[in-house]
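Each chain, written out:
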Amino acid sequence: MTTQPASVRGSDYAALSRQVRQAGLLDRRPRYYAWKITLTLAAFVLGWAAFFVIGNSWWQLAVAAFLAIVFAQIGFLGHDAGHSQVFSTRRANMVLGIACGNLATGVSYDWWAGKHNRHHAHPNTEDADPDIMIGVLAFSADRARAGRGIQRLAFRYQAYLIVPLLFLEAFGLHASSIRTVTTPGCRNRKWEATLLAVHFAAYLGAVFFVLPPVKAVVFILVQQALLGFYLGCSFAPNHKGMPILPASDNTDFLRRQVLTSRNVNGSWLTDFALGGLNYQIEHHLFPSMPRPNLRRAQTLVAAFCADLEIPYAQTSLPDSYAQALGHLATVGRLTSAGAARQPAPAPAP
């Protein structure tokens, strides 16, 4: 990939940053987050109140679906806190992040923050972005061709496996969180471990107290599977199917973030459903930008990229899924006989 001289590259992002700051797009939005936190907490309380009122009934599966949505929305708030979008101090954001993660949803804030920060620093970069370093999936031609045995078979059919795997996502998040808080190196390990234990004790205790064992297990499976599917569907449009950069890539920050990210068009409903992640380009360029400012920043960033002739990808939600699945299918076919002679899949436009 050709790049401009460092002096020019550096000035591009600096110029865009000045425009963003002058427009007030990095200013905190306390009123927005006040009502957002209040409404999300109210939905959380309402969901569990309904669970206890309904009692021993298969109608609880509807409650499981509702709580899956609420848990995901809490996760989006934790994501905002992790990027210091909510409060002006790091400590206040961390407290909110741990409350949303460890206590409310059972996901370690320290584990998530470390993984997510690596992703932001090196999006779609081989051997650097943990979001594309997934054992059963291959996002690049080199990885697909390097697969052996069962892994190679999984790569070949990964476009079909990805949807079932999304239903297991929440269970994977919990497992990674438990490993993190039970091993040395976790920041605030005592608090993280304690609040994670409180979450699982309260969650499992409530479910098994109200429901008989079979219904309790079904409730947990449905709620956690739908949570994982929802989260997966929210993150998949962002980078999957976009260009994969080699580990040695030295593209400048502005182009690296824009070229590997994809925006999703839509209304306020899309903003709500995807937690603002549909403005992935703006979010990657300015991670601390409060969520409600991303829509306003989109026009500015798109125009800036057009002036520099930097490809700016945005599409509908269905097409983003089609692009992601198409990329997985194309890469998967490289595991077949003679694939070594085939060219690598072209990146999404």
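Residues numbered from 1 in each chain as written. Predicted model: local features only at pLDDT ≥ 70, side-chain atom pairs only at ≥ 80, totals over all residues. Heavy atoms only, no water.

> Please provide a residue-by-residue account of the overall build of the protein chain, values included.
Looking only at helices and strands, one finds 16 helices and 2 strands in the protein chain. Here the C-alpha radius of gyration of the protein chain, 21 Å, is about what a compact globule of 349 residues would show, namely 20 Å. Its C-alpha atoms give the protein chain principal-axis dimensions of about 65 × 55 × 40 Å. When burial is assessed residue by residue, the protein chain has 49% of its 349 residues classed as buried. Considering only contacts in the protein chain between residues 6 or more positions apart, those separated by 24 or more positions represent 70%. A total accessible area of about 16500 Å² is found for the protein chain, and carbon and sulfur atoms account for 66% of it. Counting 30 positive and 18 negative side-chain charges, the protein chain places the centres of these two groups 7 Å from one another. (Helix = DSSP H or I, 4+ residues; strand = E, 2+ residues; numbered from the N terminus. Rg over C-alpha atoms; globule rule 2.2 N^0.38 Å. Buried < 20%, exposed > 50% of the residue type's maximum accessible area, 1.4 Å probe, protein only. Contact = heavy atoms within 4.5 Å. Areas by Shrake-Rupley, 256 points an atom, 1.4 Å probe, with all protein chains shown as cover. Lys, Arg positive; Asp, Glu negative; His and termini not counted. Charge placed at Lys NZ, Arg CZ, Asp CG, Glu CD.)

> Lay out the environment of G332 in plain terms, naming residues and giving numbers.
Secondary-structure assignment places G332 in helix α16 (residues 317–332). C-alpha of G332 to C-alpha of S140: the two residues are 192 residues apart in sequence and 9.2 Å apart in space. In this structure, G332 is in contact with F155, R156 and Q158, ignoring residues within four places of it in sequence.

> Summarise the packing of aromatic side chains; cite the residues concerned and give the values.
Under the definition given, this model contains 13 aromatic pairs. With centroids separated by 5.1 Å and ring planes inclined at 75°, the aromatic side chains of Y32 and W35 adopt a geometry described as edge-to-face. One end of the pair is Y32 and the other is W35, both in helix α2 (residues 30–54) and 3 residues apart, which spans about a single turn. Judged by its relative accessible area of 14%, Y32 is buried. Positioned above the aromatic ring of F139, the side-chain terminus of K240 is 5.5 Å from the ring centre. (Phe/Tyr/Trp six-rings, centres within 6.5 Å; stacked < 30°, edge-to-face > 60°. Lys NZ or Arg CZ within 6 Å of the ring centre and 35° of its normal.)

> Break down the pattern of salt bridges for me, with residues and values.
The tally for this structure, following the rule as stated, stands at 6 salt bridges. A salt bridge links R255 to D252, with the nearest nitrogen and oxygen atoms 3.1 Å apart. Residue R255 shares its accessibility class with D252, and that shared class is buried. One salt-bridge network, in which partners are shared between bridges, spans D12, D252 and R255. (Salt bridge = Lys/Arg side-chain N within 4 Å of Asp/Glu carboxyl O.)

> How would you explain helix α11 (residues 213–239) if you had to name every residue and give the values?
Over its 27 residues, α11 runs 40 Å from end to end, which matches the ideal 39 Å to within 8%, given 1.5 Å per residue. With its phi angle positive at about 90°, G241 sits one or two positions after the end of α11. (Expected span 1.5 Å × (residues − 1).)

> So what about the packing of helix α8 (residues 158–166) against α16? Which residues, and what values?
Contact pair α8 / α16: the axes reach a minimum separation of 8 Å and the direction vectors enclose 130°. The angle between α8 and α16 places the two elements in the oblique class. Contacts between α8 and α16 involve Q158, A159 and I162 from the first element and L325, L328, A329, V331 and G332 from the second. Split into classes, the residues belonging to the contact of α8 with α16 amount to 6 nonpolar, 2 polar and no charged. (Axes fitted to C-alpha atoms, helices over the stretch in contact; angles between N-to-C directions. Parallel < 35°, antiparallel > 145°, perpendicular 65-115°, else oblique. Nonpolar A, V, L, I, M, F, W, Y, C, P; charged D, E, K, R; others polar.)

> Help me get a handle on the environment of A43, residues and values and all.
Within the element layout of this structure, A43 appears in helix α2. Spatially, the C-alpha atom of A43 lies 9.6 Å from that of I69, the residues being 26 residues apart in sequence. If sequence neighbours within four positions are ignored, A43 has contacts with F66 and V70.

> Outline the nonpolar core, listing residues and values.
Grouped together as the largest cluster of nonpolar side chains are 31 residues, with contacts concentrated most on W48, F51, Y203, V207, L211, F219 and L227. Elements with a contribution of two residues or more to this core: α2, α3 (60–82), α4 (90–105), α5 (109–121), α9 (169–181), α10 (189–210) and α11. Residue contacts for L211: discarding those within four places in its chain leaves F51, G55, N56, S57, Q60, A216 and F219. Residues L16, L254, L259 and L294 belong to the second largest nonpolar core, which totals 20 residues. (Core = buried A, V, L, I, M, F, W, Y, C linked by side-chain atoms within 4.5 Å.)

> So what's going on with unusual backbone geometry? Residues and values would help.
Notably, N124 is not glycine yet its phi reads approximately 55°, a positive angle. Note on placement: N124 falls in the loop between α5 and α6 (141–146). Relative accessible area serves as the criterion here: at 1%, N124 is assigned to the buried category. Of note in the backbone geometry, N188 takes a positive phi value of approximately 50° without being a glycine. Note on placement: N188 falls in the loop between α9 and α10. You can call N188 partly exposed: its relative accessible area is 36%.

> Please provide a residue-by-residue account of the packing of α2 against α10, values included.
Closest axis-to-axis distance for the α2/α10 pair is 9 Å, and the angle between their directions is 25°. One finds that α2 runs roughly parallel with respect to α10. Where α2 crosses over α10, the two elements pack in a sense that is left-handed. Counting all contacts with α2, which are made through W48, F51 and F52, the residues of α10 involved are Y203, A206, V207 and V210. Of the residues assigned to the contact of α2 with α10, the class counts are 7 nonpolar, no polar and no charged. (Left-handed = near helix turned anticlockwise from the far one by under 90°.)

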